[in-house]
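This is what each chain is made of:
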Amino acid sequence: MGNCMGIRNFCDRPKNTNVRWRLPAVCFVWQLSMIILFGVFDVHVMIFVGFGFLMTFLKRYSFGAVGFNFLIAAFGIQWALLMQGWFHSLDYTDGKIKIGVENLINADFCVAGCLIAYGAVLGKVSPVQLLVMTLFGITLFAVEEYIILNVLHAKDAGGSMVIHTFGAYYGLSISWVLYRPNLDKSKHLNGSVYQSDVFAMIGTLFLWMFWPSFNSAIADHGDGQHRAAINTYLALASTVLTTVAISSLFEKTGKLDMVHIQNSTLAGGVAVGTAAEFMLSPYGSLIVGFFCGIISTMGYIHFSPFLEEKLKIQDTCGIHNLHAMPGVIGGIVGAISAAAATNTVYGDLGLENTFDFTGPFAKRVPTIQGGYQAAGLCVALCFAIGGGIFVGLVLKLPIWGDPADENCFDDEIYWEVPEDEESVPPIVAYNNHMIPNKHADIEQ
Amino acid sequence: MGNCMGIRNFCDRPKNTNVRWRLPAVCFVWQLSMIILFGVFDVHVMIFVGFGFLMTFLKRYSFGAVGFNFLIAAFGIQWALLMQGWFHSLDYTDGKIKIGVENLINADFCVAGCLIAYGAVLGKVSPVQLLVMTLFGITLFAVEEYIILNVLHAKDAGGSMVIHTFGAYYGLSISWVLYRPNLDKSKHLNGSVYQSDVFAMIGTLFLWMFWPSFNSAIADHGDGQHRAAINTYLALASTVLTTVAISSLFEKTGKLDMVHIQNSTLAGGVAVGTAAEFMLSPYGSLIVGFFCGIISTMGYIHFSPFLEEKLKIQDTCGIHNLHAMPGVIGGIVGAISAAAATNTVYGDLGLENTFDFTGPFAKRVPTIQGGYQAAGLCVALCFAIGGGIFVGLVLKLPIWGDPADENCFDDEIYWEVPEDEESVPPIVAYNNHMIPNKHADIEQ
Amino acid sequence: MGNCMGIRNFCDRPKNTNVRWRLPAVCFVWQLSMIILFGVFDVHVMIFVGFGFLMTFLKRYSFGAVGFNFLIAAFGIQWALLMQGWFHSLDYTDGKIKIGVENLINADFCVAGCLIAYGAVLGKVSPVQLLVMTLFGITLFAVEEYIILNVLHAKDAGGSMVIHTFGAYYGLSISWVLYRPNLDKSKHLNGSVYQSDVFAMIGTLFLWMFWPSFNSAIADHGDGQHRAAINTYLALASTVLTTVAISSLFEKTGKLDMVHIQNSTLAGGVAVGTAAEFMLSPYGSLIVGFFCGIISTMGYIHFSPFLEEKLKIQDTCGIHNLHAMPGVIGGIVGAISAAAATNTVYGDLGLENTFDFTGPFAKRVPTIQGGYQAAGLCVALCFAIGGGIFVGLVLKLPIWGDPADENCFDDEIYWEVPEDEESVPPIVAYNNHMIPNKHADIEQ
């Protein structure tokens with residue numbers, strides 16, 4: 001408020017001109033930081049509530065889903081702040097990393113890749129393995145992201161390549177190395193119950209709602225950001241409908257499968273990640289969402305069993321259908337839209353602004369940019385698969401306390417699980433006298 | 001951004017004065033769009049999490065509640081973007097609809113009406129019927145909204161008339177046409193269980209918290225918007241207390257009923273919808289909230305049974321108590337507050353700004369405006385009841401796959417429901433050996 | 001808007017130049033109000049969803065947890081608006097309280113103290129007692145806050161002293177007066193079940209995510225606010241890791257305890273409350289979070305049993321570990337950081353801006369400020385313990401309808417609890433014929 005008072009005194013010129021610049025500048029800077037600040041919280045909700053609850057669908061692994069997700073994210077953001085600090089915001093004069101609000105959002109993005117990877121190994125690894133996986137994952141992510149965004153100068157606002165393709169193939173590669181031939185022993189726990197499916201929908205909805213925020217958080221501010229939000233919104237909306245359609249089409253008697261509704265409805269947001277800030281047009285977004293809903297749902301029905309039986313990749317949450325395939329599609333759509341960009345569509349300065357054709361990249365043209373986008377996709381895949389195999393081998397060492405095959409998908413192993421409601425039937429408790437629990441006796 | 005460039009070319013002056021206009025202009029435009037952008041997400045949370053979880057209270061219809069809510073909303077926003085585009089943002093030069101961030105929030109508003117209507121028929125219709133209901137509902141909404149807001153020039157920031165009255169009577173009319181005399185056959189499923197009531201509270205709280213955001217999202221920016229948020233906040237707070245009071249007063253032994261807490265606590269937000277941006281004063285808001293808490297809770301206790309037995313309207317969620325009665329009250333409160341507005345209270349330009357007495361409406365005075373507000377309420381009712389009866393008749397055709405009376409309120413019909421926890425008691429699973437499930441045998 | 005008009009009249013120049021001041025001024029004012037407005041919603045989410053769901057962990061007290069939390073908050077914000085109005089925003093010219101959006105956020109802060117206190121007595125008091133407790137709690141809070149922030153001019157952006165220390169000791173004192181020697185009678189209900197623990201995690205995560213928003217909401221806008229958000233974020237992240245570490249270290253076989261994950265992970269946010277807007281540095285925040293995770297988790301393991309057995313304080317949610325100890329630590333950290341503040345670290349005007357060394361406090365120096373911070377902590381403790389004992393004695397009167405020892409932690413007493421799923425096994429319901437419920441018979 002000190003500034004406002006300043007205005008009153010300043011009004012009788014020479015002094016005057018100062019405020020003219022300071023005031024808008026403060027507005028401007030604050031606005032920018034507010035955009036980022038609220039972006040942080042929206043993205044925060046996706047990371048902690050979205051990913052955490054999405055994985056609670058298993059009947060007896062909700063503690064592990066939401067609790068280990070919390071642990072990975074809390075560790076990951078700290079490590080990401082350091083890693084990204086070394087790459088991006090190291091102040092060489094005093095050797096210190098400066099942390100601003102922007103860094104927090106980038107840390108959340110970093111962590112997203114590792115949480116995606118967690119989906120593939122959910123219920124089959126120990127929390128120690130998860131921390132190791134996160135340590136390497138964040139490190140690989142920081143390098144890969146630096147190469148794709150800074151060296152290749154590819155654009156990837158929503159992270160189709162950098163986050164989803166990388167995270168998914170990183171997790172799938174680890175899962176491939178850690179293949180458990182006798183996972184059938186815990187088959188009875190590898191499924192949902194009614195309430196756990198409802199909990200998972202909390203995750204789905206918070207991811208779905210804030211996805212436009214995610215894809216637009218680091219987009220070019222202003223027009224690009226709005227475009228990213230709108231394109232994502234439309235792609236997501238159309239994915240929901242095709243997911244429902246395909247789910248009903250392939251299930252007996254046309255019933256819907258909750259697994260598809262929980263996951264495939266998000267595929268459009270993944271696939272539109274790279275191209276969201278480009279001039280994809282509402283029409284293009286709807287088409288991308290349309291096909292991704294089909295591909296992702298078909299993936300759950302036909303491709304996941306194939307992956308497990310033939311390729312020996314056990315993918316608990318089906319991240320291949322939600323992140324891997326849509327991520328690759330997103331990278332390709334991004335490369336094509338970039339290559340096809342023209343001055344006519346983007347306007348005079350639009351191309352320069354959208355693709356940042358400035359500085360050392362001032363001479364780039366859209367077709368070349370398309371090539372670099374494709375190269376970015378390859379880099380993401382190489383880091384993911386190479387890194388994943390390496391980390392998988394590290395995790396195979398018999399020192400990390402991973403569960404036996406028959407104890408997979410069971411919170412009992414790593415959590416103090418409360419005595420179950422079934423064994424203390426409320427009907428007994430209500431009468432306020434403790435009778436021996438015959439019910440439990442009968443069962444044993 | 002085109003405008004900004006225009007300014008630059010237009011103002012041909014020394015370099016540095018240019019920024020003076022561009023910088024504040026950018027700030028201004030961005031701020032506006034940020035307000036809208038965050039409004040979108042808040043309202044988004046209400047539509048997808050709020051409405052979706054509010055309806056999960058039934059013991060075996062949580063998938064249908066949250067899943068079909070998701071489907072309706074995802075389809076509805078797309079159709080609403082088109083419908084509202086034709087009415088409002090069609091560019092006649094190239095025949096294309098321009099979609100901006102503002103359109104997204106309007107689409108969410110559009111959809112709200114259909115989700116309210118869903119509450120009346122929850123558990124008794126097929127997803128195909130819901131899509132048909134949404135198609136017609138959005139269409140009717142767009143026309144009705146155009147007449148009320150643009151032709152009659154009535155104000156309705158929070159949509160008491162346009163959204164709640166319309167949505168509720170649309171749903172109730174459909175439910176009346178689709179009356180099922182033998183619904184008793186699925187009576188055992190038409191109720192809640194402990195966990196489903198807790199899930200429903202997620203919906204209640206997200207609706208309650210963001211309601212001020214909803215009512216102020218499209219209010220006159222600046223003062224009007226703040227007023228709308230504060231008035232709604234106060235009305236909601238006072239509704240909670242009267243709801244608790246009446247619920248306790250009319251239940252045996254003074255216990256509270258979750259149905260009332262889940263629903264009637266929101267009635268104040270509905271009733272203050274139209275008048276929220278007017279100078280209702282904190283005092284006025286508290287009074288509106290006070291009475292709506294009473295009326296809505298009494299409605300659940302006395303009026304809902306009457307509606308079902310005498311008027312043959314089966315209203316699963318009690319939308320008559322939460323949306324219909326408070327919506328009509330809101331319309332009336334709005335008409336009275338508008339008619340009673342004076343220059344003394346609103347200040348010099350306040351009346352013009354609040355009621356938009358400009359252009360063709362420059363000669364309107366508050367008393368006339370009050371009349372038009374009342375006319376708006378009638379239009380909402382006519383469209384709702386007329387449209388509802390028509391759509392109800394369409395939905396009566398025997399081609400939509402609706403459930404039999406004994407299968408109502410049961411997710412089994414449209415969803416692959418996971419095997420229940422009870423039939424695989426965790427105590428068996430924990431021992432890691434599969435013994436025959438005697439417990440289930442005994443029951444059968 | 002009054003100001004803008006003032007400016008217009010004041011600066012008597014060609015039309016054009018006026019906008020130069022109005023436009024940035026509007027931007028500025030709107031930006032400020034937006035920051036506050038969105039702060040309100042974030043904090044709102046913490047109050048209603050965060051605190052409400054955090055307390056749903058008990059197997060049969062979820063209705064009471066989320067429902068009475070809702071009631072307390074809805075009543076509390078109204079009473080707080082009045083109380084704070086009398087202290088801060090009373091307009092002496094017309095005797096009216098002006099309510100702006102800022103007041104709403106302050107009301108939420110006020111209520112937080114009472115909700116913390118509710119955690120100590122959860123399940124052991126009637127809703128009438130809760131309303132009485134809230135009435136006195138808000139009143140005490142308003143006086144205590146006025147003394148600490150305005151008279152002593154201590155800083156407490158995140159409320160370590162004003163909110164957490166006060167709220168926790170207020171609740172613990174009440175619980176001490178209301179000590180129930182035979183609480184063992186309802187021991188079977190004083191624990192969680194699987195699903196209730198997952199519900200509680202919703203509360204934990206929403207509190208955790210928006211805590212940076214809470215601590216920075218009323219911090220000095222601009223730099224101070226960013227600092228508060230970042231410091232809180234880092235403290236919280238490091239608390240999660242130490243909580244997991246200590247939980248695993250002290251449980252048999254290294255398992256994790258959900259109680260710790262639900263609560264102690266938040267302790268860092270409490271402890272960094274006062275010092276969040278100071279130059280604590282990322283390093284300092286991480287250290288504060290590190291130690292609070294340890295202390296809080298150790299508190300649950302060792303100190304809570306001691307409190308109950310020796311000091312006769314029954315603390316249902318363990319608020320001593322989550323709010324009391326970390327709150328006091330926060331106050332001490334705040335006093336030390338304030339006393340140690342120097343011009344070198346804060347920059348030229350940084351000290352003045354951060355500590356508001358203006359007006360009557362213009363001559364304060366950091367060391368003196370440190371003393372006043374410590375004095376503030378003492379004031380919070382005195383009001384909490386003195387007020388708590390008084391209110392506890394009032395609540396001991398046998399007129400408030402509190403539950404018998406054997407009915408504690410049981411929703412049955414104050415709520416219409418739906419017939420339980422166990423007694424209507426879905427397997428029966430699915431067959432669509434109602435057979436006598438043999439299962440229940442066997443149990444009785």
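Residues numbered from 1 in each chain as written. Chains lettered and ligands numbered in written order. Predicted model: local features only at pLDDT ≥ 70, side-chain atom pairs only at ≥ 80, totals over all residues. Heavy atoms only, no water.

(A) Highlighting the overall build of chain A. Each helix and strand in chain A was counted, giving 17 helices and 2 strands. A burial count over chain A gives 65% of its 444 residues as buried. In the structure as shown, chain A presents an accessible area of about 15200 Å², 65% of it carried by carbon and sulfur atoms. (Helix = DSSP H or I, 4+ residues; strand = E, 2+ residues; numbered from the N terminus. Buried < 20%, exposed > 50% of the residue type's maximum accessible area, 1.4 Å probe, protein only. Areas by Shrake-Rupley, 256 points an atom, 1.4 Å probe, with all protein chains shown as cover.)

(B) The arrangement of the packing of aromatic side chains in detail. A complete count under the given rule lists 66 aromatic pairs over all chains for this structure. An angle of 45° between the planes, with centres 4.5 Å apart, marks the rings of Trp208 of chain A and Phe48 of chain B as tilted. Remark: Phe48 of chain B occurs in helix 2 (residues 15-54) and Trp208 of chain A occurs in helix 7 (residues 194-217); the pair is interchain, linking two chains. Per residue, the accessibility class of Trp208 of chain A equals that of Phe48 of chain B, and both read buried. Arranged with centres 4.8 Å apart and planes meeting at 50°, the rings of Phe278 of chain A and Phe355 of chain A form a pair that is tilted. You can see Phe278 of chain A sitting in the loop between helix 10 (267-271) and helix 11 (281-309) and its partner Phe355 of chain A sitting in helix 14 (residues 350-355), a full 77 residues away along the chain. The residues Phe278 of chain A and Phe355 of chain A share a single accessibility class, namely buried. Counting every residue linked through ring pairs, the aromatic cluster contains Phe53 and Phe199 of chain A, Phe53 and Phe199 of chain B together with Phe53 and Phe199 of chain C. Sitting over the face of the ring of Tyr194 of chain C, Arg60 of chain A holds its NZ or CZ atom 4.1 Å from the ring centroid. (Phe/Tyr/Trp six-rings, centres within 6.5 Å; stacked < 30°, edge-to-face > 60°. Lys NZ or Arg CZ within 6 Å of the ring centre and 35° of its normal.)

(C) Representation of unusual backbone geometry. The phi angle at His153 of chain C is positive, at roughly 55°, despite the residue not being glycine. Using a relative accessible area of 12% as the deciding quantity, one classes His153 of chain C as buried.

(D) Representation of a nonpolar patch on the surface. Residues and elements named next belong to chain A. Where nonpolar side chains cluster on the molecular surface, the patch consists of Tyr283, Ile287, Phe290, Phe291 and Ile295 and spans about 510 Å² of accessible area. Mapped onto the elements, Ile295 comes out in helix 11. The partly exposed category is assigned to Ile295, whose relative accessible area is 32%. (Patch = residues over 30% accessible without salt bridge, like charges linked within 9 Å, V, L, I, M, F, W, Y side chains within 5 Å. Salt bridge = Lys/Arg side-chain N within 4 Å of Asp/Glu carboxyl O.)

(E) Representation of the UniProt feature "transmembrane region" (unreviewed entry) in chain A in the model. All names here are of chain A. UniProt marks residues 61-82, 128-149, 161-179, 199-218, 230-250, 283-303, 324-346 and 374-395 with the feature "transmembrane region" (unreviewed entry), using the numbering shown here. Helix makes up 89% of residues 161-179 and strand 0%. Its end C-alpha atoms lie 25 Å apart. Between the C-alpha atoms that bound residues 230-250 the distance is 31 Å, and the span itself is 100% helix and 0% strand. (UniProt positions renumbered as here; feature names shortened; annotations may be inferred.)

(F) Summary view of the confidence of the model for chain A. Residue and element names in this part refer to chain A. A residue-level look at chain A finds 83% of positions with pLDDT of 70 or above and a mean pLDDT of 84. Mean pLDDT across the secondary structure elements of chain A bottoms out at helix 1 (residues 2-10), with 33, and peaks at helix 6 (residues 160-177), with 97. Counting interchain partners and residues more than four positions distant, the pLDDT-below-50 stretch residues 1-19 has 20 contacts. (pLDDT = per-residue confidence, 0-100. Contact = heavy atoms within 4.5 Å.)

(G) Spatial organisation of the environment of Phe383 of chain C. Residues and elements named next belong to chain C. Locating Phe383 in the fold gives a position in helix 15 (residues 366-396). Between the C-alpha atom of Phe383 and that of Tyr169, which follows or precedes it by 214 residues, the distance is 8.9 Å. Residue contacts for Phe383: discarding those within four places in its chain leaves Leu140, Val143, Glu144, Ile147, Phe166 and Gly388.

(H) Up close: the side chain of Thr274 of chain B. All names here are of chain B. Its location among the elements puts Thr274 in the loop between helix 10 (267-271) and helix 11 (281-309). Among the polar contacts made by the side chain of Thr274, one reaches the side chain of Asp156 at a distance of 2.7 Å. If near-sequence neighbours (up to four positions away) are discounted, Thr274 is found in contact with Lys155, Asp156, Ala157, Ser160, Met161, Gly330, Gly331, Gly334 and Gln373. (Polar contact = N/O pair within 3.5 Å; in protein donor to acceptor, adjacent residues only side chain to side chain.)

(I) Representation of the side chain of Ser192 of chain B within the structure. Checked against the element boundaries, Ser192 of chain B lands in the loop between helix 6 (160-177) and helix 7 (194-217). For Ser192 of chain B, the side chain forms a polar contact with the side chain of Asp197 of chain B, separated by 2.9 Å. If sequence neighbours within four positions are ignored, Ser192 of chain B has contacts with Phe57, Lys59 and Asp197 of chain B together with Pro418 and Glu419 of chain C.

(J) Representation of the nonpolar core. Core analysis: the largest hydrophobic core is formed by 348 residues, its most contacted members being Trp208 of chain B together with Trp208 of chain C. Contacts of Trp208 of chain B, omitting those with residues within four sequence positions, involve Leu236, Ala237, Val240, Thr265 and Leu266 of chain B together with His44, Phe48, Phe70, Ala74 and Ile77 of chain C. (Core = buried A, V, L, I, M, F, W, Y, C linked by side-chain atoms within 4.5 Å.)

(K) Expanded view of helix 8 (residues 223-250) of chain A. Spanning 28 residues, helix 8 of chain A covers 41 Å between terminal C-alpha atoms, matching the ideal 40 Å at 1.5 Å per step. Most of helix 8 of chain A sits inside the fold, with 21 of its 28 residues counted as buried. (Expected span 1.5 Å × (residues − 1).)

(L) Molecular detail of the packing of helix 7 of chain A against helix 8 of chain A. All names here are of chain A. It is the contact of helix 7 with helix 8, at a shortest axis distance of 8 Å, that shows an interaxial angle of 145°. Two packed elements cross with a definite hand, and for helix 7 against helix 8 that hand is right-handed. Counting all contacts with helix 7, which are made through Trp208, Trp211, Pro212, Asn215, Ser216 and Ala217, the residues of helix 8 involved are Gln225, Ala228, Ala229, Thr232, Tyr233, Leu236, Ala237 and Val240. A per-class count over the contact of helix 7 with helix 8 returns 10 nonpolar, 4 polar and no charged. (Axes fitted to C-alpha atoms, helices over the stretch in contact; angles between N-to-C directions. Left-handed = near helix turned anticlockwise from the far one by under 90°. Nonpolar A, V, L, I, M, F, W, Y, C, P; charged D, E, K, R; others polar.)

(M) Highlighting the pattern of salt bridges. Counted according to the given criterion, the structure contains 9 salt bridges over all chains. Its salt-bridge partner being Asp356 of chain B, residue Lys155 of chain B comes within 3.4 Å of it at the nearest N-O pair. Highlighted residues: Lys155 of chain B in the loop between helix 5 (127-151) and helix 6 and Asp356 of chain B in the loop between helix 14 (350-355) and helix 15 (366-396), separated in sequence by 201 residues. Assessed through its relative accessible area of 13%, Lys155 of chain B is described here as buried. Asp356 of chain B sits in the partly exposed class, given a relative accessible area of 32%. Between Arg180 of chain C and Asp402 of chain C there is a salt bridge, with the nearest N and O atoms lying 3.7 Å from each other. Highlighted residues: Arg180 of chain C in the loop between helix 6 (160-177) and helix 7 (194-217) and Asp402 of chain C in the loop between helix 15 and helix 16 (426-430), separated in sequence by 222 residues. In this structure, a network of salt bridges that share partners links the residues Arg180, Asp402 and Asp405 of chain A.

(N) Representation of the environment of Ile295 of chain B. Spatially, the C-alpha atoms of Ile295 of chain B and Asn321 of chain B are 7.6 Å apart, while their sequence positions differ by 26 residues. Those residues in contact with Ile295 of chain B, other than ones at most four positions away along the chain, are Met325 and Ile329 of chain B.

(O) Region of the structure containing helix 11 (residues 281-309) of chain C. Residue and element names in this part refer to chain C. In this model, helix 11 (29 residues) spans 40 Å end to end at C-alpha, consistent with the 42 Å of a helix rising 1.5 Å per residue. Along its length, helix 11 reaches its greatest deviation from straightness, about 50°, at Tyr300. If you check which residues of helix 11 are buried, you get Gly284, Ser285, Val288, Gly289, Cys292, Gly293, Ser296, Thr297, Gly299, Tyr300 and Leu307. The secondary structure elements touched by the buried residues of helix 11 are helix 8 (223-250), helix 9 (258-263), helix 10 (267-271) and helix 12 (319-339). (Bend = angle between axes of the 7 residues up to and from the residue.)

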